[in-house]
Amino acid sequence: NDLLALQGDGKLGVGTASPAAQLTVQAATNEEDAILIEQADGTDVGSLRINNGSFILKGKHSTNPVQIQTHDGNEDIEVDPDGFIKMETAGSERLRIDSSGNLLVSKTASDGAVVGFETRSTGETFATAAGTAPLYAKRTTNDGDIIVVQSASRSVGSFYSRSDNGLVVNSL
């Protein structure tokens, strides 16, 4: 197996004599770091890795996150070693999945009293707003149930629309 091959058309192969692109890196096995990224002091910070057909961008430190960013850094996806994943747009965090599996939108911690949207891993959902309605439920077809309330084993009530009465609260 060739270690390095430079073709007449400028294509460079590392680990292959037949590069398919301007730079082709062929790993020696189906599970290894294909490209290792180091700081100036020689410290490994990450790698591009293959794992039986999967492409992996992997951080090498237990304290530093792995980020994918736009050119100015205002939009990014961060996988943090503290156990959360977050997304930022326009320089502000917009979405987070915390280490407990809670989905948080426009907030950074699980707290039903803080403005934003939250669905907890326990099934609880909070829509919290300041100065406006936090939840809109809309039925776009004929009259009928808009919200159905259930206990563990059965439906216990509903909010539904009727053209002659508007909103009706029904206890079953």
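Below is a short write-up of the structure. (Residues numbered from 1 in each chain as written. Predicted model: local features only at pLDDT ≥ 70, side-chain atom pairs only at ≥ 80, totals over all residues. Heavy atoms only, no water.)

Observations concerning the sheet that holds strand E16 (residues 166–171)
- If you walk across this open sheet you meet the 3 strands as E14-E15-E16, and the pairing is antiparallel. Two strands bound the open sheet, and with one partner strand each, they are strand E14 (144–150) and E16. On average, adjacent strands in this sheet sit at an angle of 15° to one another, irrespective of strand direction.
- Summarising the sheet, strand E15 (residues 155–162) and E16 pair through 6 bridges and their orientation is antiparallel. Paired with Arg-162 across the bridge in E16 is Gly-166. (Pairing = 2+ DSSP bridges. Helix = DSSP H or I, 4+ residues; strand = E, 2+ residues; numbered from the N terminus. Axes fitted to C-alpha atoms, helices over the stretch in contact; angles between N-to-C directions.)

Re the environment of Thr-125
- Structurally, Thr-125 is set in strand E13 (residues 125–128).
- Classification of Thr-125 as partly exposed rests on a relative accessible area of 47%.
- Remark: the alpha-carbon pair of Thr-125 and Asn-102, spanning 23 residues in sequence, is separated by 9.7 Å.
- Setting aside anything within four residues of it in sequence, one finds Thr-125 in contact with Phe-117, Glu-118 and Thr-119. (Buried < 20%, exposed > 50% of the residue type's maximum accessible area, 1.4 Å probe, protein only. Contact = heavy atoms within 4.5 Å.)

Observations regarding the packing of aromatic side chains
- Enumeration over the complete set of coordinates arrives at 0 aromatic pairs.
- In this structure, Arg-96 is placed above the aromatic ring of Phe-84, and the distance from its NZ or CZ to the ring centre is 4.0 Å. (Phe/Tyr/Trp six-rings, centres within 6.5 Å; stacked < 30°, edge-to-face > 60°. Lys NZ or Arg CZ within 6 Å of the ring centre and 35° of its normal.)

Focus on unusual backbone geometry
- Residues other than glycine seldom take positive phi values, yet Asn-52 does so here, at roughly 50°.
- Relative to the assigned elements, Asn-52 resides in the loop between strand E5 (44–51) and strand E6 (54–59).
- A relative accessible area of 56% means that Asn-52 is categorised as exposed.
- You will see that Ala-90, though not glycine, has its phi angle at about 50°, which is positive.

As for a nonpolar patch on the surface
- Taken together, the side chains of Leu-57, Ile-68, Ile-77, Val-79, Ile-85, Met-87, Ile-97, Leu-103 and Phe-117 make up a nonpolar region of the molecular surface, amounting to roughly 700 Å² of accessible area.
- Among the elements of the structure, strand E8 (76–80) and strand E9 (84–89) are those that each provide at least two residues to the nonpolar patch.
- Note on placement: Ile-97 falls in strand E10 (residues 92–97). (Patch = residues over 30% accessible without salt bridge, like charges linked within 9 Å, V, L, I, M, F, W, Y side chains within 5 Å. Areas by Shrake-Rupley, 256 points an atom, 1.4 Å probe, with all protein chains shown as cover. Salt bridge = Lys/Arg side-chain N within 4 Å of Asp/Glu carboxyl O.)

Some thoughts on the side chain of Thr-24
- Examined against the element boundaries, Thr-24 turns out to sit in strand E3 (residues 23–25).
- Polar side-chain contacts of Thr-24 include one of 3.1 Å to the backbone nitrogen of Ala-21.
- Those residues within four positions of Thr-24 in sequence are excluded, and the remaining contacts are Leu-12, Gly-13, Val-14, Thr-16 and Pro-19. (Polar contact = N/O pair within 3.5 Å; in protein donor to acceptor, adjacent residues only side chain to side chain.)

Brief notes about the pairing of E8
- Only one face of E8 is buried: it carries Asp-76, Glu-78 and Asp-80, and the other face, with Ile-77 and Val-79, is open.
- Connecting strand E7 (residues 66–69) to the next strand, E8, in antiparallel fashion are 6 residues, including Gly-73 with a positive phi near 80°.
- Where E8 folds back onto E9 in an antiparallel hairpin, the turn is made up of 3 residues, including Gly-83, whose phi is positive at roughly 100°.

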